[in-house]
Amino acid sequence: MYQSTAGLSNAPLCRADPRPRAVESFARDIETVCGRFAVEPVAAARGQVDGDVSTMRVSRFETAIVSLDAQRVFRDRRMIRSDPGEHLFLLVQDKGRCRIHQNDETVLLTPGDMYLVDSSRSSEFFYDGMHSRQISIHLPREEMLHRFGDVCLGGIGIDRSDPLFLSMRAVLAKIFTEDSAAVAPSLGDAFLSLLGAYFHCVEHQEAKSSAAANSVLSRALAVIDRNANDPAFGPQELADQLQVSPRTLQRHFGQIGETASKRILSVRLETARARLNALGDGSGTQTIAAVAYDCGFNDLSYFYRAFRERFGASPGDVRKNVAL
């Protein structure tokens, strides 16, 4: 049924033609090979899907070839509870297109693309009624976790612009066309080594990105502490001082569930409350309005409203030393 080829990303690795099937029958075949998944046919199919599922052993890896015309295939938490995932599935898009949604991200696969699916996490595959053929290389989850750590979990796309992508594709093509049983294990180990190198690079880039993000955020918080009392200071001025775009600034604040505007307001309100507490114990004579203006507010009605929303009491109550 399959004819292996030696092509790289622009040529199929193998060939299989789908045939009309009842959706339930096709889903059972998928479950036997890959685990529990639900299959949604295109609306006009009326309970049928054109599909074929077959297996072959490639080097030391169990491999499935899934060919289908469907709307969507998915695996949800209920399915995972009844059928825990024991594998990571390295998908190689051999024909057609597929949008994969996993780990809160959606990745479009075109012929030659690769994506590592975590079968222990919910996943969706959108085919939009177009014919698709995918090679699914089954990698034991525990072994991959032992080899590579958590970086390989959760679903990850293999960036085709990375030089390691071409190396992995070349080794896969060699694996699919190598007839010698003596050579196949070595090719499998070579592929896993390349995959490990790719994950190592991903970890390195994530660490660099995280460090850069933390640097921007920590500098932003320090700049706010120094400038919040200036009524002219806002998110745009903060972005200008940090030499980043407002959008980049907001992305970094999203890490702590805030916005730059809310952080600036929070610092102003906390400073105002501290000064009002000081007035309440008799150590100062400033009016509430003067405190508000000194803390960066230029609208008294807004100050009173924001203060009450934040602390559940009015500025006057705080000045009278009412416990919050």
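Here we summarise the structure given alongside this text. Just so it is clear, the structure is predicted and the values come from calculations on it, not from any experiment.

**Observations concerning the pairing of strand β5 (residues 72–75)**
And step 1. On β5, burial covers both faces: R72 and F74 on one face and V73 and R75 on the other are all buried.
And step 2. Both strand β2 (residues 38–40) and β5 contribute to a ladder of three bridges, which runs antiparallel. Within β5, the position partnered with A38 by the bridge is F74.
And step 3. Sheet analysis places β5 next to strand β10 (residues 123–126), joined by four bridges and oriented antiparallel. Residue pairing for β10: F74 is matched across the bridge by E124.

**Considerations on the sheet that holds strand β3 (residues 48–58)**
And step 1. On the basis of which strands lie adjacent, the open sheet formed by seven strands has the order β1-β3-β4-β11-β6-β9-β12 and antiparallel pairing. Every other strand in the sheet has two partners, leaving β1 (19–22) and β12 (156–158) as the edge strands with one partner each. Each strand axis lies, on average, 30 degrees off the axis of its neighbour in the sheet, ignoring direction.
And step 2. Where strand β4 (residues 61–69) and strand β11 (residues 131–140) come together, eight bridges link them in antiparallel fashion. Across the sheet, E62 pairs through a bridge with H138, a residue of β11.
And step 3. Docked against the sheet, helix α3 (residues 141–148) engages β6 (87–95), β9 (114–118) and β11, running at close to 70 degrees with respect to β11.

**A look at the sheet that holds strand β8 (residues 105–109)**
And step 1. Taken in spatial order, the five strands make up an open sheet running β2-β5-β10-β7-β8, and their pairing is antiparallel. Either end of the sheet is taken by a strand with one partner, and the two such strands are β2 and β8. Within the sheet, the average angular offset between the axes of one strand and its neighbour, ignoring direction, is 15 degrees.
And step 2. For strand β7 (residues 98–102) and β8, the ladder comprises five bridges, and the chain directions are antiparallel. Note that in β8 the partner of R99 across the bridge is L108.

Basis of the calculations
Residues numbered from 1 in each chain as written. Predicted model: local features only at pLDDT ≥ 70, side-chain atom pairs only at ≥ 80, totals over all residues. Heavy atoms only, no water. Buried < 20%, exposed > 50% of the residue type's maximum accessible area, 1.4 Å probe, protein only. Helix = DSSP H or I, 4+ residues; strand = E, 2+ residues; numbered from the N terminus. Pairing = 2+ DSSP bridges. Axes fitted to C-alpha atoms, helices over the stretch in contact; angles between N-to-C directions. Contact = heavy atoms within 4.5 Å.

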